[in-house]
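Listed below, chain by chain, are the residues.
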Amino acid sequence: MKKFVYPAVLFYDKTEKQYTIAMFDIEVFAEGKTVEEAVNTAQAYLNKYLETAFSYEIEIPEATDFEQMIDMYPKNMVVLVESKLNDKNRAI
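Keep in mind the model is a prediction, meaning the values are calculated, not measured.

Colleague: Describe the overall build of the chain, naming the residues involved and giving the relevant values.
Modeller: Across its full length, the chain carries 2 helices and 4 strands. What you see for the chain is a C-alpha radius of gyration of 13 Å, in line with the 12 Å of a compact globule of 92 residues. Projected onto its principal axes, the C-alpha coordinates of the chain cover approximately 40 × 25 × 20 Å. Across the chain, contacts joining residues at least 24 apart in sequence account for 53% of those joining residues at least 6 apart.

Colleague: How would you explain the nonpolar core if you had to name every residue and give the values?
Modeller: Residues I21, M23, L46 and V81 are the most contacted members of the largest nonpolar core, which totals 16 residues. Elements with a contribution of two residues or more to this core: β1 (2–13), β2 (18–23), β3 (28–32), α1 (35–55) and β4 (77–85).

Colleague: Any details on the packing of aromatic side chains? Residues and values, ideally.
Modeller: As enumerated under the stated definition, the model contains 6 aromatic pairs in all. Centroid distance F24 to F29: 5.9 Å. Interplanar angle 75 degrees. Geometry classified as edge-to-face. Each member of the aromatic cluster is reached from another via a ring pair, and the members are F11, F24, F29 and Y73.

Colleague: How would you summarise the pattern of salt bridges if you had to cite specific residues and measurements?
Modeller: Scanning the entire structure with this criterion turns up 4 salt bridges. One salt bridge in this structure joins R90 and E51, with 4.0 Å as the shortest N-O distance. Residue R90 is found in the segment after β4, and its partner E51 is found in helix α1; the two are separated by 39 residues along the sequence. On the basis of relative accessible area, R90 is assigned to the partly exposed category, the value being 40%. Via salt bridges that share partners, K3, E82 and K84 belong to a single interconnected network.

Rules of the game
Residues numbered from 1 in each chain as written. Predicted model: local features only at pLDDT ≥ 70, side-chain atom pairs only at ≥ 80, totals over all residues. Heavy atoms only, no water. Helix = DSSP H or I, 4+ residues; strand = E, 2+ residues; numbered from the N terminus. Rg over C-alpha atoms; globule rule 2.2 N^0.38 Å. Contact = heavy atoms within 4.5 Å. Core = buried A, V, L, I, M, F, W, Y, C linked by side-chain atoms within 4.5 Å. Buried < 20%, exposed > 50% of the residue type's maximum accessible area, 1.4 Å probe, protein only. Phe/Tyr/Trp six-rings, centres within 6.5 Å; stacked < 30°, edge-to-face > 60°. Salt bridge = Lys/Arg side-chain N within 4 Å of Asp/Glu carboxyl O.

Right under this line is the structure:
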C-alpha cells in the first residue's frame, strides 16, 4: 500500500457561498458547499490524479510541508488530504 498526503488550502467564496480547496503541489482544485464536501471531493480528485499519474508514469510531486503551507496562507484553513493506493495503484 502507498499513502500520499497533500496539504490543501480552503478558500470561501461569499458570492457563490461555497468552498474551494486547492492542492497547489499537484494543481488540483475542488469545490463544495461545506468544508467536508470540499475535502471529500478533493480526496476523490487526488485518488484519480494519482491513479492516472501511475498509469502514465508521470512524476508525482512531493508535498509541501504542512507548517510551511500554514505560514504561506495564514488567513486560510489548511487541511491534509490523504489517498491510499493498493499494489495495483488503485485507490482504496
